[in-house]
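Descriptive analysis of the structure
One letter stands for each residue in the lines below.
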Amino acid sequence: MKLEEARQRIEAAIKQFGPHAAPAIDLVINEVRSDLGGETANELIDEFDLELQYNIAPTDSGFSSS
């Protein structure tokens, strides 16, 4: 999946489902995490304010196992 496609799918889900878009958005975010990595998924979560509006939390990618 490309980043622009993910943005379009999130926007479409928000437009179609409104406050009930969380399941559809979560699928997109999971696909982005798989294809493009957690950092990119976190950027989309921030960009669309998904944590506040849909309770979709960013991935913890800032810790190391040293």
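Anything mentioned here points back to the structure above.
All of the points below concern the structure found in this document. (Residues numbered from 1 in each chain as written. Predicted model: local features only at pLDDT ≥ 70, side-chain atom pairs only at ≥ 80, totals over all residues. Heavy atoms only, no water.)

A word on the overall build of the protein
For clarity, the threshold we go by: Each helix is a run of H or I in the DSSP string that is no shorter than four residues. Each strand is a run of E no shorter than two, and both are numbered from the N terminus. Throughout, the radius of gyration refers to the C-alpha atoms, and the reference size of a globule is 2.2 Å times the residue count to the power 0.38. For every residue, the accessible area (1.4 Å probe, protein chains only) is compared with the maximum for its type, and the residue is labelled buried under 20%, exposed over 50%, or partly exposed between those bounds. When checking whether two residues touch, look at their non-hydrogen atoms; a contact exists if any pair is within 4.5 Å. The Shrake-Rupley method, run with a 1.4 Å probe, gives the accessible areas here. Residue values count only the displayed protein chains as cover. His is not counted, nor are the chain ends, whereas Lys and Arg count as positive and Asp and Glu as negative. The atom standing in for a charge is NZ when the residue is Lys, CZ when it is Arg, CG when it is Asp and CD when it is Glu.
For the protein, the count of helices and strands is 4 helices and 0 strands. Seen in sequence order, the protein has helices and strands lined up from the N terminus as α-α-α-α. Against the globule reference of 11 Å for 66 residues, the protein gives a C-alpha radius of gyration of 12 Å, in line with a compact fold. With the C-alpha coordinates of the protein rotated into their principal frame, the extents come out at 45 × 25 × 15 Å. Buried positions account for 29% of the 66 residues belonging to the protein. Put simply, 49% of the contacts in the protein that link residues at least 6 apart link residues at least 24 apart. In the structure as shown, the protein presents an accessible area of about 4,400 Å², 49% of it carried by carbon and sulfur atoms. Considering the protein, the positive charge centre built from 5 side chains and the negative charge centre built from 13 side chains are found 7 Å apart.

Some remarks on the environment of Leu3
With respect to the helices and strands, Leu3 occurs in helix H1 (residues 3-17). Looking at Leu3, the relative accessible area reads 27%, which means it is partly exposed. Between the C-alpha atom of Leu3 and that of Asp35, which follows or precedes it by 32 residues, the distance is 9.7 Å. Residue contacts for Leu3: discarding those within four places in its chain leaves Leu36, Thr40 and Leu44.

Focus: the pattern of salt bridges
As a reminder, the rule being used: By convention in these notes, a salt bridge is any Lys or Arg side-chain nitrogen within 4 Å of a carboxyl oxygen on Asp or Glu.
Scanning the entire structure with this criterion turns up 3 salt bridges. For Arg7, the salt bridge is made with Glu4, and the minimal N-O distance between the two is 3.7 Å. Highlighted residues: Arg7 and Glu4, both in helix H1, separated by 3 residues, approximately one helical turn. Under the relative-accessibility criterion, Arg7 is labelled partly exposed at 23%.

Brief notes about the side chain of Thr40
Summarising the element assignment, Thr40 is placed in helix H3 (residues 38-47). Once residues within four sequence positions are removed from consideration, Thr40 is found in contact with Leu3 and Val32.

Observations regarding the packing of H1 against helix H2 (residues 22-36)
Between two packed helices, both the angle of their axes relative to each other and the distance between the axes serve to describe the pair. Quick reminder of the rule: Angles here are taken between N-to-C directions and fall from 0 to 180 degrees, while the axes themselves are lines fitted to C-alpha atoms, restricted in helices to the stretch in contact. Any angle that is under 35 degrees is reported as roughly parallel, and any over 145 degrees as roughly antiparallel; angles of 65 to 115 degrees are reported as roughly perpendicular and all others as oblique. By the convention adopted, Pro, Cys, Tyr, Trp, Phe, Met, Ile, Leu, Val and Ala count as nonpolar, Lys, Arg, Asp and Glu as charged, and the other residues, Gly among them, as polar.
As a packed pair, H1 and H2 sit with axes 9 Å apart at the nearest point and diverge in direction by 170 degrees. The angle between H1 and H2 falls in the class roughly antiparallel. On H2, the residues that touch Leu3, Ala6, Arg9, Ile10, Ala13, Ile14 and Phe17 of H1 are Ala24, Ile25, Val28, Ile29, Glu31, Val32 and Leu36. Each residue belonging to the contact of H1 with H2 can be placed in one class, and the counts come to 12 nonpolar, no polar and 2 charged.

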